Structure formats: structure tokens, C-alpha cells
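# Architecture and fold: a report
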Amino acid sequence: MNKHKPTNRMLITGNEACGEGAVKAGCRFYAGYPITPQNELTAYMSKRMDEVGGVFIQAESELAAINMVFGASVAGARAMTTSSSPGISLKQEGISYLSGCELPAVIVNIMRGGPGLGNIAPSQSDYFQATKGGGHGDYRIVVFAPASCQEMMDFTSHAFDIADRYRNPVMILGDGMLGQMMEPIAVDGAGETKDNARHTKKWALTGCKGRKPNIIRSLLLKEGELEKLNIKLQKKFGEMKKNEVKYETYKTEDADVVIVAYGISSRISRAAADRLRKEKIKTGLFRPISLWPFPYRALKSLDKGKTKFLTVEMSAGQMVEDVRLAVQDDKRIQFYGRLGGAVPTEEEITEKIVNMAK
Amino acid sequence: MGRIKIYSDKCKGCALCITVCPNKLITMSKKLNKRGVHYAEFSDKKKCTGCAMCAIICPDACIEVYK
Amino acid sequence: MEKIVFKKPESLREITTHYCAGCGHGIIHRLVCEVVDELGVRENVVAVAPVGCAVIAYDYWDFDVTEAAHGRTPAVATGIKRVLPDRLVFTYQGDGDLAAIGTSEIIHAANRGENISVIFVNNGVYGMTGGQMAPTTVLGQRTATTRKGRDSGRDGFPLKISEMIAVLEGARYIERTSVSSPKEILKTKRAIKRAFEIQIHNEGFSMVEILSMCPTYWGLAPLEASKRIEAQMVKAYPLGILKQ
């Protein structure tokens, strides 16, 4: 994610910044369904798609929306759908089909409290669903976790490149706070970039003029055919693991305690780390940006043998399992989380670490 | 005058063509084709008018019609 | 001088289909290809196959085809058509795909007046999975899940989806035909051609419901199955133009 030299700035919500990121990446097809806390994103796309000559459809359900994105992607367009937790559950079948058919698409989850209808407060309790696969079959998707309105825009734009590069869906995992909060962001002057990836997609279904017909499907009944596809997909996922890991470290060089947190939790944790530093407890922050592929090696490299790790999430503890996999020493790993859409405070995190450091 | 050509190895023996031929010119063979079924056989060239009823109803596009 | 008056259409591939002997799908696949050839649009077609017996229609059609998740065919076609408005986009769906799991998608695609065509094959059972009841199974009809015959008390009534769609303003052309005899088959071909022409002229949503036979799961020989269409199915699903 390139650091912009700000030519102009916008005061914008995370939801709308995400939409703008898609437009900037040449996304010209959006299908969505209203759900709090991401309604503004859908509304924003209804405005912007008309402005840039793209397609906006308010679908009859989140499930229909992901399948419209499937169709648009089959036809070679950069396409996106966005929703929040319950709506993302409805899209899981579609995401599995997109991966199985090797189709690019961007799916945005502005998480809210769950399970069930839950509430409309921010949450991070869809981590497993996003990173371990909520749909059926051996598929993986790259998942980026923004922590600011700027990243909501930049990561969404970047997601389209990753989706096209690997012909696989990519997810942006935000939360209700990120979606609703407003921050100034830098918008480089370039106008709407055209969808320049479109003509490179020889596999797309555009009518078989001048070529043999293309078929895009994931039903493979003949002996060994599906296994062959899965082996091909696994190689692709291996490439993603090699090339697409992203993370950020903050004051971890001399840290005795490392907080591991992403999204909004990482911003709160960063403030807690500064506060603890004043109380002479050397605390740092490790922020995974790609939740899949998870930055295991980078996290492990911060372990100086006695380093303590506190995972902070707005959930009952999901990413903490990946932290355990990375560090491989449970007794030095602790978890602090708030449930049901409650947001952890700086004080709670600070107090937790003061007790840990004893 | 008409004539039909039946690709007997593609025939699945559904016999729909037999029932629609106005002049009853198609019968099921005694022999079996590669698929192991009795297939449709065109028996009498003289009375065929080339109406193509048989070809229209054939679910497996086994019949070509000439006039 | 002898000339050929009937042969396999170009866009229908040479291979023998997997369909059972006497299954209506084979006829309808051919009719679609005849219309595609006659309209000269083979290189312009993007079709969407359903989940059901016709899922591997792409093995038989020589043009671009994709496959949708069960019931989501109209949504996939919507995405394709909106991105490629000048291509001929059609779905080919069975009664389970369209009238059971995909009811929401078909109603809303029609209601949005999507400029797509829908070939809806109604044979009153789930063929691919072994002959279970479909939404369009008629009362009293025995299937794998209605052993003693469909009973409205337990299983509800035969779903008249085309009539439901015909009242939608977005629906431009809805016709119900059958493939029970050469006469009806030619009417079906005319209806498919009409539907494709409506799409080509950007006039909105078109659908042809085609009563078709499933000898295997009706437990009838092909000839009796095609007779049953006229004797039983047409009573629940009257033929004719429902909307134009």
C-alpha cells in the first residue's frame, strides 16, 4: 500500500472510502443489499456506479447479490459486493463457487455483533468465517483487515489486483466502527481508473467469437478431475501465502509484551502500548493486515524467548489461535476480548498487561 | 419423395419416432447397437414424404431427413 | 435432386447426451441450438446452466456457458447481461432450480425486467437426484418423496410459477408450451425464437416454460410419458401465451 503524497484530501466515512477504493480500482459492477452498519456503502455505490457508467443493483438478497457478482466476474468485469456478518453468512456458498470456478471478486464484510441477528455494534467475531472458510470445500481467500478510513479505500483497491492476479475472491474485513467513523483521507488526483484488467481476461465468457467456447464451472464429476483442480488451487493458495502476507509492527524491537490486534482493536492497543511505555512496561503492537495468509513467521520473529503476547479481539478469541500457532508456547500467550459488539478500552488492555507483566 | 438416415449407434431406443411417423415406416431393430439397445430402423423408402416428424421428436438428434 | 431438410444444428455438439432414453431435455437442447443457428447468434451467446439434469448442458452446446449454484441462475444471468448488454444471455433451468430454491431469483429478475431469456423445463420431478417431488409435481403424483401420491395437505399444491411471473410488469413475454408431440415441439421452437428476439430487441424479460417428460421417474415408457403430459400435466399447467 503506497503512501500517498496527498494531492487532495477527503473527509469521509470508512464505508464510503471503501466504495471509493473500488471505483478507483475500476470496479464497474456492484450488487448489494441493505444491512446496518454498512448501508452507506451500498448507498454510496448506487451514486458512484451511475457516475462512472458502472452497474449498480440492489439485489433481493445478499445471496442473490454474490451470484450477480459471480455473473459479472464470469463476463470479465471487476465486481464487488458488500454486507455485514449475517449477510456474509448468506454469501458463503457463492464465495466457495467463486473460488472453485477461479473467478476474481471482492467481498467486504463490515462486521457487527453476532451470532444470530446480533446487534449493529462493531465486532470481530467473523474471523474464523473469513479466514478458515465459511463455505464448503478446500478453498482459501486472501483477507485484508483495514484499521483506518485510508486503509478502507487503499486495501479495497488493492483487493481487486490480488483477486485478478490469482483469479480468486478477496475479502476486506472491517467492522461497524471502521465503517461509520469519519476521517480525512488522501485521494491522489488520478480520476477513475478504467478497468484495465478486463481485456486481459481471455478466460471470460464474452461470446465465443474468434475462439473456441469457454466454460466456467465447478462441477467436475469425471474420475480424478476435481482432485486435479484442487491440486491446482492449492498451488495457487501456496503462492498467495508466499507473496501476499502483510503486517505492521509498532515499538516491538525492545518489547517485553507484544499486543497482537487488527482493525479497530489495533488502534486501541496502540494507545495502550504508548500508555504502558510511560509506566516503564515495554509494550509493542503487532498488527496483522493480511489475516489470511496470516503472518506467522513475522510474529514468531518477535519472540525473544520470554516475550509475552496479548491478543486483543472484539470476540471470544479467534485470531488468538493463529497467534498460538505462530508462537508455539501457550503459557506466554494471553487473550483479552469483549463480546457481543462491546469494544475493549485502553484502560482494560493496560490493566490486563500490568497484571501480565508482574 | 423423402428419405431418412438414422445414426443407429446414437439411438437410445426410446421409440418416440416410431409413434409419430404418419406412414409407420420406422420399426425397432431385432439387433442391438453399441449401446446395447434395440434401435430405430427405417424400413421402406418409397412411402416416406420427408415430413421430418421423426427427426423433430428424436431426443438425440439421430435422424437426418432428405427430400 | 435430393436435398437435406433436417439435420443436427451446428451449435449442438456431436456427442450423445447423458439424458435417459425419451427425456425431453434432449429435444429442448436441440431446439435451443436450432434457434441460435437460425438467428446466427452462436458467437454472441452466453448461457447459464442450472443445477439439475441439465447441469452439464455445456458439454452439449457449442457456445459460452457457465454454471450457477442451484437456483441462482437468474442472478448469475443478471450479472452477465448487465456487463454484456449486447450478448444473448439465457438461462436453462429445471423446476427445482427455478420454482423451488430459485423462486426469489426468478421473480426478482423478472420484476427488474432483466433483458434475459429463461428456458424453464418443467417435468414435475427432481430427475438428477432420483425422482423426488418438485414444486410442480401434480396432486396425486407418486415420487420418491410422495410415495402415496402428492397430497396437498402435506405437500402443498402444484406451483404455477409462470402465472405468478406473468403478472409482473417487468415480465415482457411468458409462454408455456410442451414437447409432447412434433406439433407442440414446433410451437416450443417458435416460442424460444420469440423469446430470444424480444431480448435482441431489448424489450425485457422473456420466459418459455416447457412441459417435458421424465420417463424414468414417471415410471413410464417414453411414449406413455409424452401422452401423460397431455393427459395430466396440461390440466395443471395450461399451454399458451401468458403474457406478451
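Residues numbered from 1 in each chain as written. Chains lettered and ligands numbered in written order. Predicted model: local features only at pLDDT ≥ 70, side-chain atom pairs only at ≥ 80, totals over all residues. Heavy atoms only, no water.

## Comments concerning the overall build of chain C
- Of regular secondary structure, chain C possesses nine helices and 10 strands.
- Relative to its length of 244 residues, chain C is compact, with a C-alpha radius of gyration of 17 Å against a globular reference of 18 Å.
- Each of the three principal axes of chain C carries a C-alpha extent, and together these read 50 × 50 × 30 Å.
- Within chain C, the fraction of its 244 residues that count as buried is 61%. (Helix = DSSP H or I, 4+ residues; strand = E, 2+ residues; numbered from the N terminus. Rg over C-alpha atoms; globule rule 2.2 N^0.38 Å. Buried < 20%, exposed > 50% of the residue type's maximum accessible area, 1.4 Å probe, protein only.)

## So, the pattern of salt bridges
All names here are of chain A.
- Counted by the stated rule, this structure contains 51 salt bridges over all chains.
- One salt bridge connects Lys236 with Glu102, and the closest N-O pair in it is separated by 2.9 Å. Taken together, the residues span a long stretch of sequence, with Lys236 in helix α9 (residues 225–243) and Glu102 in the loop between α5 (92–100) and β5 (105–111) at a distance of 134 residues. Each of the two residues, Lys236 as well as Glu102, counts as buried.
- If you follow the salt bridges from partner to partner, you end up with Glu20, Lys24, Lys47, Arg48 and Glu51 in one network. (Salt bridge = Lys/Arg side-chain N within 4 Å of Asp/Glu carboxyl O.)

## Structural notes on the sheet that holds β5 of chain A
Residue and element names in this part refer to chain A.
- With mixed pairing, seven strands are arranged side by side in an open sheet as β3-β2-β4-β5-β7-β6-β13. Edge strands, defined here as strands with exactly one partner in the open sheet, are β3 (55–58) and β13 (290–292). Taking the axes of each pair of neighbouring strands and ignoring which way they run, one obtains an average angle of 20° across the sheet.
- Inspection of the sheet shows strand β6 (residues 142–144) paired to β13 by two bridges, in the antiparallel sense. (Pairing = 2+ DSSP bridges. Axes fitted to C-alpha atoms, helices over the stretch in contact; angles between N-to-C directions.)

## Some points on the interface of chain C and chain A
- On the chain A side, the residues contacting the 33 residues of chain C number 34 residues.
- When the buried area of chain C at its contact with chain A is split by residue, Glu43, Asp64 and Val83 of chain C rank highest and sum to 22% of it.
- The tally of links between chain C and chain A comes to four salt bridges.
- Between Glu43 of chain C and Lys209 of chain A there is a salt bridge, with the nearest N and O atoms lying 3.6 Å from each other.
- Here chain C is connected to chain A by 15 residue pairs in polar contact (both at pLDDT 80 or more). (Contact = heavy atoms within 4.5 Å. Buried area = accessible area lost by both parts, 1.4 Å probe. Polar contact = N/O pair within 3.5 Å; in protein donor to acceptor, adjacent residues only side chain to side chain.)

## Notes on the pairing of strand β4 (residues 63–66) of chain B
Residues and elements named next belong to chain B.
- Burial along β4 is two-sided: Ile63 and Val65 facing one way and Glu64 and Tyr66 facing the other are all buried.
- The pairing of strand β1 (residues 3–6) with β4 spans four bridges and is antiparallel. Bridge pairing links Lys5 to Glu64 in β4.

## Here's the deal with the sheet that holds strand β9 (residues 205–211) of chain C
- A sheet is described by the order of its strands in space; here eight strands give the open sequence β9(A)-β3(C)-β2(C)-β4(C)-β5(C)-β9(C)-β8(C)-β10(C), paired in mixed fashion. The open sheet has two edge strands with one neighbour each: β9 (215–216) of chain A together with β10 (240–243) of chain C.
- Both strand β5 (residues 117–122) of chain C and β9 of chain C contribute to a ladder of six bridges, which runs parallel. Counted as the bridge partner of Ser117 of chain C is Ser206 of chain C from β9 of chain C.
- Each of β4 (88–94), β5, β8 (171–178) and β9 of chain C touches helix α4 (residues 103–111) of chain C; the most contacted strand, β9 of chain C, lies at about 140° to it.
- Contacting β4, β5, β8 and β9 of chain C, helix α7 (residues 182–200) of chain C crosses the sheet at an angle of about 165° to β8 of chain C.

## Structural notes on the domain arrangement of chain A
Residues and elements named next belong to chain A.
- Domains assigned within chain A are domain 1 (7–243) and domain 2 (249–357).
- Once you take the C-alpha centre of each, domain 1 and domain 2 turn out to be 28 Å apart.
- Across the contact, 33 residues belong to domain 1 and 27 residues belong to domain 2.
- Here domain 1 meets domain 2 over a buried area of about 2400 Å², counting both sides, of which 58% is carbon and sulfur.
- It is Gln124, Tyr127 and Phe128 in domain 1 that bury the most area against domain 2; as a group they hold 31% of the surface buried on that side.
- At the boundary of domain 1 and domain 2, one finds three salt bridges.
- As a salt-bridge pair, Arg287 and Glu151 come within 2.6 Å of each other at their nearest N and O atoms.
- Between the two partners, domain 1 and domain 2, sit 16 residue pairs in polar contact (both at pLDDT 80 or more).
- Elements with a contribution of two residues or more to the side of domain 1 that touches domain 2: α6 (127–133), β6, α7 (149–166), β7 (169–175), α8 (176–180) and α9.
- Here the element with the most residues in the side of domain 1 that touches domain 2 is α6; it accounts for four residues. (Domains from an automatic or database assignment.)

## A word on the interface of chain C and chain B
- Across the contact, 30 residues belong to chain C and 23 residues belong to chain B.
- Taken together, the two surfaces of chain C and chain B that pack against each other cover about 2100 Å², and 65% of this comes from carbon and sulfur.
- Of all residues in chain C, the largest losses of buried area upon contact with chain B belong to Glu2, Phe6 and Pro182 of chain C, amounting jointly to 27% of the total for that side.
- Applying the counting criterion to the chain C and chain B interface returns two salt bridges.
- Close ionic contact of Lys10 of chain B with Glu14 of chain C constitutes a salt bridge, the shortest N to O distance being 3.4 Å.

## Notes on the packing of aromatic side chains
Residue and element names in this part refer to chain A.
- Under the counting rule described, the total for this entry stands at 12 aromatic pairs over all chains.
- Where Phe144 meets Phe155, the ring centres are 6.1 Å apart and the plane angle is 50°; that geometry is what we call tilted. With Phe144 in strand β6 and Phe155 in helix α7, the pair connects residues that are 11 residues apart, well separated along the chain.
- By relative accessible area, Phe144 is classed as buried at 0%. (Phe/Tyr/Trp six-rings, centres within 6.5 Å; stacked < 30°, edge-to-face > 60°.)

## Re helix α1 (residues 14–24) of chain A
Residue and element names in this part refer to chain A.
- Counting buried residues along α1, 10 of its 11 residues qualify, which places the element largely inside the surrounding structure.
- Taken as a whole, α1 has its buried residues at Gly14, Asn15, Ala17, Cys18, Gly19, Glu20, Gly21, Ala22, Val23 and Lys24.
- Trailing α1 by a residue or two, Gly26 shows a phi angle of about 85°, which is positive.

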